[in-house]
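# Examination of the molecular architecture
The residues making up each chain are set out below.
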2 protein chains.
Amino acid sequence: MAKAPTVEDVARAAGVSRQTVSNVLNSPAIVRGATRERVERAIAELGYRPHAAARRLRTRRSSTIGVRLDPYRGGISGVVLDRFVHALTERSSERGMRVLLYAARTPAEEIERLSDLVDGGEIDAVVLTNTFYADTRTSWLQARNVPFVSFGRPWRAADDDDEPPHPWVDVDGAAGTRAATKYLLAHAGPRIALLGWPEGSGTGDDRARGWHEAMSAAGASGPRWSTEDSLALARDLVGAELAADPTIDAIVCVADSLAIGAHLAATALGRPELPVVGFDNTPAAEALGISSVEQLPEQVAAGVLDLLMGPTGGVVLRRDPAEDEAHVLVEPRLVVR
Amino acid sequence: MAKAPTVEDVARAAGVSRQTVSNVLNSPAIVRGATRERVERAIAELGYRPHAAARRLRTRRSSTIGVRLDPYRGGISGVVLDRFVHALTERSSERGMRVLLYAARTPAEEIERLSDLVDGGEIDAVVLTNTFYADTRTSWLQARNVPFVSFGRPWRAADDDDEPPHPWVDVDGAAGTRAATKYLLAHAGPRIALLGWPEGSGTGDDRARGWHEAMSAAGASGPRWSTEDSLALARDLVGAELAADPTIDAIVCVADSLAIGAHLAATALGRPELPVVGFDNTPAAEALGISSVEQLPEQVAAGVLDLLMGPTGGVVLRRDPAEDEAHVLVEPRLVVR
DNA sequence: TAGCATAATTTGATCGTTCAAACTTTGCCA
DNA sequence: TGGCAAAGTTTGAACGATCAAATTATGCTA
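Going along each chain's sequence as written, the residues are numbered from 1 onward. Starting at A for chains and at 1 for ligands, labels are handed out in the order in which the entities are written. Given that the model is predicted, a residue must reach a pLDDT of at least 70 before its local features are reported, and side-chain atom pairs must reach 80 or more before they are shown or counted; all residues, however, enter totals for whole chains, interfaces and linings. The side-chain quantities take in all heavy atoms of the structure and omit both hydrogens and water.

For chain A, the name recorded in an unreviewed UniProt entry is Alanine racemase, with Promicromonospora soli as its organism.

Turning our eyes to something else, we now look at the domain arrangement of chain A. All names here are of chain A. Residue ranges for the domains trace back to a domain assignment, done automatically or taken from a database. Taken domain by domain, chain A comprises domain 1 (7–50), domain 2 (64–171 + 298–330) and domain 3 (173–294). Each of domain 2 and domain 3 has a C-alpha centre, and these two points are 31 Å apart. For this analysis, residues touch if any pair of their heavy atoms sits within 4.5 Å. At the interface, eight residues of domain 2 touch 13 residues of domain 3. In total, domain 2 and domain 3 occlude about 820 Å² of area from one another, counting both sides; carbon and sulfur atoms represent 58% of this. Between Lys or Arg on one side and Asp or Glu on the other, a salt bridge is scored when a side-chain nitrogen of the former is within 4 Å of a carboxyl oxygen of the latter. Taken together, domain 2 and domain 3 are joined by two salt bridges. Of the residues forming the side of domain 2 that touches domain 3, the biggest block, three residues, is contributed by helix α5 (residues 78–94). When two components associate, each loses some accessible surface as probed by a 1.4 Å sphere; the sum of these losses over both components is called the buried area. Strands here mean DSSP runs of E at least two residues long; helices mean DSSP runs of H or I at least four residues long; both are numbered from the N terminus.

This part takes up the environment of Arg-61 of chain A. Tracing the chain through its elements places Arg-61 of chain A in the loop between α4 (52–59) and β1 (64–69). Along the chain, Arg-61 of chain A and Leu-141 of chain A lie 80 residues apart, while their C-alpha atoms are 17 Å from each other.

By the convention used here, strands pair only if DSSP detects at least 2 bridges between them. Read across the sheet, twelve strands follow the order β11(A)-β5(A)-β4(A)-β3(A)-β1(A)-β2(A)-β2(B)-β1(B)-β3(B)-β4(B)-β5(B)-β11(B) without closing on themselves; strand pairing throughout is mixed. Lying at the two open borders of the sheet, with one neighbouring strand each, are β11 (327–330) of chain A together with β11 (327–330) of chain B. Neighbour-to-neighbour, the strand axes of the sheet open up by a mean angle of 20°, direction not taken into account. Note that β1 of chain A and strand β3 (residues 125–129) of chain A share three bridges and pair parallel. For Val-67 of chain A, the partnering residue across the bridge sits in β3 of chain A and is Val-127 of chain A. Axes, fitted as lines to C-alpha atoms, cover a helix only where it is in contact. Angles between the N-to-C directions of the axes lie from 0 to 180 degrees. Against the sheet, helix α13 (residues 297–309) of chain A makes contact with β1, β3, β4 (148–151), β5 (168–171) and β11 of chain A, and its axis sits at roughly 165° relative to β5 of chain A, the strand it touches most.

This part covers the protein's contact with DNA strand C. Near DNA strand C you find 27 residues, and of these Arg-18 and Thr-35 of chain A together with Val-7, Gln-19 and Tyr-48 of chain B are the closest. Taken together, the sugar and phosphate atoms account for 59% of what DNA strand C places within 4 Å of the protein. A distance of 3.0 Å is found between a phosphate oxygen of DNA strand C and a backbone nitrogen or oxygen belonging to His-51 of chain B. As used in this structure description, the phrase polar contact means that two N or O atoms lie within 3.5 Å; if the pair is within protein, one of them must be able to donate a hydrogen and the other to accept it, and residues adjacent in sequence are counted only when both atoms belong to side chains. Arg-55 of chain B has a polar side-chain atom sitting 3.1 Å from a phosphate oxygen of DNA strand C. One heavy atom within 4 Å of a molecule or strand makes the whole residue count as near it.

Attention now moves to the relation of the copies chain B and chain A. Rotating chain B by 180° and moving it 0.0 Å along the rotation axis overlays it on chain A with an RMSD of 0.1 Å. Put plainly, the chains are arranged around a two-fold axis. A shared binding surface is used by both copies, with 100% of the interface residues of chain B retained as interface residues in chain A. All copies are superposed by least squares; the fitting set is the C-alpha atoms of residues with a pLDDT of at least 70 in both.

Moving on, we get to the packing of helix α6 (residues 107–119) of chain A against helix α7 (residues 136–143) of chain A. Residues and elements named next belong to chain A. The N-to-C vectors of α6 and α7 enclose an angle of 25°; their axes lie 10 Å apart at closest approach. Comparing the axis directions of α6 and α7 gives the class roughly parallel. In this structure, α6 meets α7 at a crossing whose hand is right-handed. Every residue of α7 that contacts α6 at Pro-107, Glu-110, Ile-111, Leu-114 and Ser-115 is listed here: Thr-136, Arg-137, Trp-140 and Leu-141. Three classes are used, and their members are as follows: Ala, Val, Leu, Ile, Met, Phe, Trp, Tyr, Cys and Pro are nonpolar, Asp, Glu, Lys and Arg are charged, and the others, Gly among them, are polar. Residues belonging to the contact of α6 with α7 are distributed by class as follows: five nonpolar, two polar and two charged. Angle categories are assigned with fixed cut-offs, so that under 35 degrees is roughly parallel, over 145 is roughly antiparallel, 65 to 115 is roughly perpendicular, and the rest are oblique. The sense of a crossing depends on the near helix, which, turned anticlockwise from the far helix by less than a right angle, makes the crossing left-handed and, turned clockwise, makes it right-handed.

Here we come to α4 of chain A. Residue and element names in this part refer to chain A. Listed as buried for α4 are Ala-52, Ala-53 and Arg-56. The buried residues of α4 all sit within an arc of 95° when viewed along its axis, so they share a single face. Within two residues after α4, Arg-60 carries a phi angle of roughly 60°, on the positive side. Each residue is assigned to one of three classes by its accessible area relative to the maximum for its type, calculated with a 1.4 Å probe on protein chains only: buried under 20%, partly exposed between the two thresholds, exposed over 50%. What the arc measures is the spread of directions leading from the helix axis to the C-beta atoms.

Looking now at the nonpolar core. Counting 78 residues, the largest nonpolar core has Leu-195 and Ile-251 of chain A together with Leu-195 and Ile-251 of chain B as its most contacted members. Not counting the four nearest positions on each side in its chain, Leu-195 of chain B is found in contact with Trp-225, Thr-227, Ala-234, Leu-237, Val-238, Ile-251, Val-252, Cys-253, Val-254, Leu-258 and Ala-262 of chain B. Grouped together as the second largest cluster of nonpolar side chains are 54 residues, Ala-87, Leu-296 and Val-300 of chain A together with Val-85 of chain B included. Side-chain atoms within 4.5 Å are what join buried Ala, Val, Leu, Ile, Met, Phe, Trp, Tyr and Cys residues into a set we call a nonpolar core.

This is the structure in structure tokens:
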């Protein structure tokens, strides 16, 4: 296998200097048309590709985004994150970026990993998933001035000054359940129940709010049930409630796991056609023919890159971290089945 | 933010030369104990971390493994791959390796991506998933002498000389269904059906074989049904077959999607307790309380790294590609619910 | 066509590490 | 204690790209 050609080889072949070859690659606009074509021909003939490590060393940029792969927890909704990572990878490569994975079991271990990756110049930016209240990772990243965006809002009290803001992208959960509720009001009937998680989770409360708003706006009302995120618990709960109150016309759920439980309960009670809407549009819901709110991970990925790199650039931007409340809120889409 | 320290800084602080610092990091055995400790102290005090790009440039190794993220196809079984990628990331970092993702929609596009990554020195090795018959990617990688391992056997005719062998890791599907069948023979009864895919898929036939072997060995018999990989089709098929032949004691399925369909059909016929075993142990099966054969992606990941790097090394090995039939066959585990 | 501003191109230095070879110290034996 | 091999350490060069500054070519105006 012959040695890979370098800029030097291309330059010689095209009768120009190293730097001109570099310019053709990085700022073609400043090279004269005729010269550029000659260089491009030489590049193609030699099959030249820039050596990433050399470029990184000189520019001090790795053009790489670090993403933590969360430990597999089981459960149905992991798919959303996987689709997000996939979309991020695709869109990153369009922008000349790469996605590097890392694994960590605890926040402390994650910070250790990030130290290695950041100090070693392996990544220019980080995408955090599953952020939580008083997250040590966000403050660490801000202190180190590492560009990052989180997938998920910082759910914090309005009067909380301890947690400085940071850029984030999230899906508008309330909009999703609002759309689901409106659809059911129009097609199923006025008695629509909400099946949610116990109050206190930012995401769950947000999704519940969408149902509540849509119901109020329509002058309708329905019960609000809650349970932990478990198909079996949801099945039992909905079974009991439906048996006690057969007037329910439809159920909006804050997660597909709950929706599947609700659907099975309804089926067991002889009402397999009872409309149920879930959240996340997981393969399981799809396979069972249950409607669901789709998170559109592709748009989340696009939003993340916009925040990190601006609407068009190919380089990670370094902004003033102190006052960055930039964010993107993606409108989810109702998938009716 | 102060400039990151370099080997030079560490060397000065410890009163030794650059190279000695480098040796402490890369071959500590050849450095005298006292010197080593002094250098290690300096490293810790300065918080030094080697700059990955400089190292890569000099050593011409990226210590990075490329993994393609397959396009999201929907369907229930994607989880296995995701768990595999996660396990690979964890184990790689234990060996000083990183995992870089790339996306591609077609084999041709994938080869284009790989060209960039390999020629650019971004990856030292590749893990292929979803290999298929006459896969252009494997021959391309072999021609370029790029180390790689596939997750999944090359299912080829025994007399096929066109396809040179390559290292692979796979799960022993037959062993999985064999275990499931034996378990059901012992706990449910002798009439065990197999629900498989149409003949011709390597994976599906392999799994069906396990059932067949276990049944023959026990002198038992049962029908073999096939359908495409669809929950709804499986439900309809099993519903009809069970109604026609109520003597069935249990069903072994080659995928969780089919198992869920079978379970729902049984439930609808008033036999919710009919034992059904799936394959892949997906969250959906878990949530529904369906037994399943677990692929153990962690062991697959370990096998992949062993093949790429040997049982202990920290460097990707470059073997003779012409005669490499090395492989690892992982024994899956039956999860009873 | 001379003069000059601007565009286009080239040259030398540099990023941080490891390799290869030269050099110095250590420890052992006669 | 001198000699010498082995162990330990240092030095100069190189990996392949881009930056910054210097140089040369081009085109326009008077």
